[in-house]
Amino acid sequence: MSHRQNQNQQQPLLEDQEDETAYDSSDKIVIIGEDESEYETDIDNGVRTPSFSWKKLWLFSGPGFLMSIAFLDPGNLEGDLQSGAIAGYSLLWLLMWATAMGLLIQLLSARLGVATGRHLAELCREEYPSWARIVLWLMTEVALIGSDIQEVIGSAIAIRILSNGFVPLWAGVVITAFDCFIFLFLENYGVRKLEAFFAVLIAVMALSFAWMFGKAKPDGVDVLVGILVPKLSSRTIQQAVGVVGCIIMPHNVFLHSALVQSRRVDPKKKGRVQEALKYYSIESTIALVVSFVINIFVTTVFAKGFYGTEIANRIGLVNAGQYLQEKYGGGVFPILYIWAIGLLAAGQSSTITGTYAGQFIMGGFLNLKLKKWMRALITRSFAIIPTMIVALIFDTSEESLDVLNEWLNVLQSVQIPFALIPLLCLVSKEQIMGTFKIGSVLKTISWLVAALVIVINGYLLLEFFSSEVNGAAITAVVSVITAAYVAFIIYLISNSVTISSWQRLIGSKTVTTTTES
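Per-chain numbering applies: the sequence of each chain, read as written, is numbered from 1 onward. Local features in this predicted model are restricted to residues whose pLDDT is 70 or higher, and side-chain atom pairs enter the listing and the counts only when it is 80 or higher, whereas totals over whole chains, interfaces and linings include all residues. To obtain the side-chain values, all non-hydrogen atoms of the structure were included, while hydrogens and water were left out.

S.K.: Please clarify how the overall build of the protein chain should be interpreted in this entry.
M.R.: Numbering goes from the N terminus for both helices and strands, where a helix is a DSSP run of H or I of at least four residues and a strand is a run of E of at least two. Summing up its helical and strand segments, the protein chain has 25 helices and 0 strands in all. Residue contacts are counted whenever heavy atoms from the two residues lie within 4.5 Å of one another. Taking as baseline every contact in the protein chain between residues at least 6 positions apart, the subset at least 24 positions apart corresponds to 85%. Residue exposure ignores everything except the shown protein chains as possible cover, and the areas themselves are Shrake-Rupley values with a 1.4 Å probe. Counting only carbon and sulfur atoms, one obtains 65% of the accessible surface of the protein chain, whose full area is about 21600 Å².

S.K.: Which parts of the structure should I look at to understand unusual backbone geometry?
M.R.: Within the chain, N164 stands out as a residue other than glycine whose phi angle is a positive 55°. With respect to the helices and strands, the residue N164 is situated in the loop between helix 8 (130–162) and helix 9 (169–177). The backbone of K217 sits at a positive phi, close to 55°, despite the residue not being glycine. If you trace the backbone, K217 turns up in the loop between helix 11 (191–216) and helix 12 (220–228). Three exposure classes are used, based on accessible area relative to the maximum for each residue type with a 1.4 Å probe and protein chains only: buried under 20%, partly exposed in between, and exposed over 50%. Residue K217 is classed as exposed on the basis of its relative accessible area of 61%.

S.K.: I tried to follow the nonpolar core on my own but got confused; where do I start?
M.R.: Burial of nonpolar side chains together is a common tendency in soluble globular proteins. Here, the term nonpolar core denotes a set of buried Ala, Val, Leu, Ile, Met, Phe, Trp, Tyr and Cys residues that are joined through side-chain atoms within 4.5 Å. Grouped together as the largest cluster of nonpolar side chains are 144 residues, with contacts concentrated most on L112, I153, F209, F302, L324 and W339. Excluding residues that lie within four positions of it along the chain, L112 makes contacts with G117, R118, L120, L123, L423, L426, V427, I432 and M433.

S.K.: What exactly am I supposed to notice about the confidence of the model for the protein chain here?
M.R.: Caution is warranted with low-pLDDT regions, since their predicted coordinates should not be read in detail. When the pLDDT values of the protein chain are averaged, the result is 81; 83% of them are 70 or greater. The score called pLDDT rates the predictor's confidence residue by residue, from a low of 0 to a high of 100. Per-element confidence in the protein chain ranges from a low mean pLDDT of 41 for helix 1 (residues 3–10) to a high of 94 for helix 4 (residues 63–68). For the stretch residues 497–508, pLDDT sits under 50, and the model shows 28 contacts to residues farther than four places along the chain or on other chains.

S.K.: How should I be thinking about the side chain of R263 in this particular structure?
M.R.: Turning to its location among the elements, R263 is positioned in the loop between helix 14 (250–259) and helix 15 (270–306). In terms of polar contacts, R263 uses its side chain to reach the backbone carbonyl oxygen of L59, at 2.7 Å. We call two N or O atoms a polar contact when they sit within 3.5 Å, provided that within protein one can donate a hydrogen and the other can accept it, with sequence-adjacent residues counted only if both atoms are side-chain atoms. At 2.7 Å, the side chain of R263 and the side chain of E195 are in polar contact.

S.K.: What am I meant to see in the pattern of salt bridges here?
M.R.: When charged atoms on two side chains of opposite charge get close, those side chains can pair. The term salt bridge refers to a pairing of a side-chain nitrogen on Lys or Arg with a carboxyl oxygen on Asp or Glu at a separation within 4 Å. Within the structure shown, the criterion is met by 7 salt bridges. Here E126 ties to R118 by a salt bridge, and the two come within 3.3 Å at their closest N and O atoms. Judged by relative accessible area, which is 4%, E126 ranks as buried. Note that R272 is salt-bridged to E275, the shortest N-O span being 3.3 Å. One end of the pair is R272 and the other is E275, both in helix 15 and 3 residues apart, which spans about a single turn. Exposure class is identical for R272 and E275. Each is buried. Connected via shared salt-bridge partners are K56, R272 and E275.

S.K.: Just checking my understanding: could you explain the packing of aromatic side chains for this structure?
M.R.: Each aromatic ring pair is summarised here by two numbers: the centre-to-centre distance and the angle between the ring planes. When two rings of Phe, Tyr or Trp (its six-membered ring) have centres within 6.5 Å they constitute a pair, described as stacked for plane angles under 30 degrees, edge-to-face for angles over 60, and tilted for the intermediate range. Counting across every chain of the model gives 17 aromatic pairs. Considering the side-chain rings of F52 and Y279, the 5.8 Å spacing of their centres and the 35° angle between planes classify their relative orientation as tilted. One end of the pair, F52, is in the loop between helix 2 (37–44) and helix 3 (54–60); the other, Y279, is in helix 15, and 227 residues separate them in sequence. Members of the aromatic cluster, joined through ring pairs, are F52, W54, F60, Y279 and Y280.

S.K.: Whenever I open this one, the environment of A303 confuses me. Can you help?
M.R.: Locating A303 in the fold gives a position in helix 15. Note on A303: relative accessible area 6%, which makes it buried. Expressed as a C-alpha distance, the spacing of A303 and I86, which sit 217 residues apart in the sequence, is 7.5 Å.

S.K.: Looking at this structure, I do not really get the packing of helix 6 (residues 92–116) against helix 12. What am I missing?
M.R.: Two numbers describe a pair of packed helices, the interaxial angle and the distance between the axes. Axis definition: a line fit to C-alpha positions, over the contact stretch in the case of helices; interaxial angles, taken between N-to-C directions, run 0 to 180 degrees. Following both chains from N to C, one finds helix 6 and helix 12 inclined at 50°, their axes separated by 5 Å at the closest point. Taken together, the axis directions place helix 6 and helix 12 in an arrangement best described as oblique. Both helix 6 and helix 12 take part in a crossing whose hand is right-handed. Residue-level contacts link L92, W93 and M96 of helix 6 to V223, G226 and I227 of helix 12. Residue composition of the contact of helix 6 with helix 12, grouped by class: 5 nonpolar, 1 polar and no charged. By the definition adopted for this analysis, an angle is roughly parallel if under 35 degrees, roughly antiparallel if over 145, roughly perpendicular if from 65 to 115, and oblique otherwise. Helix crossings get a hand from a simple test, with the near helix turned counterclockwise from the far one by less than a right angle marking a left-handed crossing and a clockwise turn marking a right-handed one. For this classification, Asp, Glu, Lys and Arg are treated as charged, while Ala, Val, Leu, Ile, Met, Phe, Trp, Tyr, Cys and Pro are nonpolar and the rest, including Gly, are polar.

S.K.: What is the right way to read the side chain of T300 from this model?
M.R.: Residue position: T300 is located in helix 15. For T300, a relative accessible area of 0% puts it in the buried group. Among the polar contacts made by the side chain of T300, one reaches the main-chain carbonyl oxygen of F297 at a distance of 3.2 Å.

S.K.: Help me out: how do you make sense of the packing of helix 11 against helix 15 in this one?
M.R.: Where helix 11 meets helix 15, the axes come as close as 9 Å, and the angle between the chain directions of the two elements is 30°. The way helix 11 lies across helix 15 gives a crossing that is left-handed. When helix 11 is examined against helix 15, the residues I202, M205, A206, F209, A210, M212, F213 and A216 are found in contact with a partner set consisting of V290, I294, F297, V298, T300, V301 and K304. Considering only residue class, the contact of helix 11 with helix 15 consists of 13 nonpolar, 1 polar and 1 charged.

Set out below in structure tokens:
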């Protein structure tokens with residue numbers, strides 16, 4: 001038996017430990033007021049349920065909006081504009097349902113974090129053997145790097161537009177790399193300051209793309225029909241797969257389970273957990289409604305301007321601004337620069353949250369007790385070094401960047417099961433979640449959603465490799481890797497309960513006892 005397993009026998013999962021945690025106790029936001037002792041007793045004894053409080057909703061607001069930024073990153077914006085240009089308004093309904101599926105997954109992530117007091121990466125470290133958690137960590141890091149490359153390149157493209165081409169792509173990458181110092185500066189002033197900064201960036205995106213929507217004037221009836229009436233054809237199947245595939249981001253699942261711990265909620269007190277889950281559910285729903293509206297703005301602008309045109313299939317993130325300028329003209333506020341401002345806000349916000357997620361992922365999987373600046377620097381270096389190489393190699397043409405983006409989408413699609421499967425296995429286990437484990441109906445729906453997302457991304461992988469992989473030798477290598485990949489997914493599902501889980505259940509009777517006391 002390992003030292004870690006011995007420690008788990010002696011120490012309950014929900015008790016204070018010396019391990020790496022998402023937030024120090026002093027950094028957490030206090031929800032309960034000074035005169036709340038009687039109120040707390042009432043909740044825990046079940047005497048009364050506290051009524052809805054706008055003040056408490058405000059105090060709980062923040063993690064959901066940070067989570068929602070992954071739904072607005074440059075990769076998603078590119079999916080939006082290509083969907084609009086090629087499929088018109090016909091896939092808006094799918095965007096809505098994909099966002100709803102994303103909301104379900106993110107609410108489960110928040111549920112895990114609040115009910116256990118630990119985030120997904122920490123629990124994976126506890127629940128899986130060393131070799132499996134190392135593989136999970138590496139896969140998650142690869143997904144994070146792939147996402148960050150898209151986000152940093154998106155910011156660099158925006159900087160190049162705003163500088164009238166004076167700043168090359170590689171220099172924009174360097175500028176964007178320094179965002180980790182902004183992150184560190186704001187983090188030193190507390191969680192709320194950091195959340196306010198991201199709220200400003202989301203507002204910039206909303207205003208920029210709303211202005212573009214007003215400029216393009218898409219037909220309101222067509223937009224409403226596109227949202228409410230499902231429509232899919234063989235010609236738009238690739239865009240449909242892209243719409244669903246880019247909604248679930250592996251690192252975002254890990255991130256949200258950590259962000260919710262920024263509020264001081266005792267996981268041993270059932271009433272407090274229920275209250276936190278209620279407010280986090282409301283806040284996350286509002287945040288993703290906002291992100292959905294912003295995605296609608298982008299999709300409909302390009303649907304109005306380019307659907308059915310000869311250039312529809314050629315529009316990508318690199319040239320989108322120029323095509324918008326040619327279509328809608330200049331004016332006092334040229335649409336090219338409005339687009340660039342929105343794209344810059346999307347790139348900067350998503351790459352900083354990527355740094356944030358990287359800290360939690362590395363600290364959780366490896367139990368690293370490093371200072372914040374050191375973790376941020378390491379996390380940033382993992383992404384910036386390959387991004388710089390990419391910028392130098394692919395700065396020569398728009399086509400090469402589009403090819404790179406396809407490979408990065410594939411890279412992230414491959415990693416999705418390594419976030420969804422551990423999450424669903426953990427939230428289904430009573431020895432982990434206590435009374436907050438998900439019920440049979442929600443469990444069935446969640447697994448169906450996960451299976452749908454995995455199958456859709458599997459289709460994307462199959463289509464991509466069937467067109468890109470040629471030759472017997474390469475096909476053989478890909479087949480071996482695919483077999484190992486599928487075998488590991490089966491392992492994650494079949495080994496969702498480890499020996500250490502049962503030891504905690506039998507030896508210390510931790511989670512069930514504390515949540516039902």
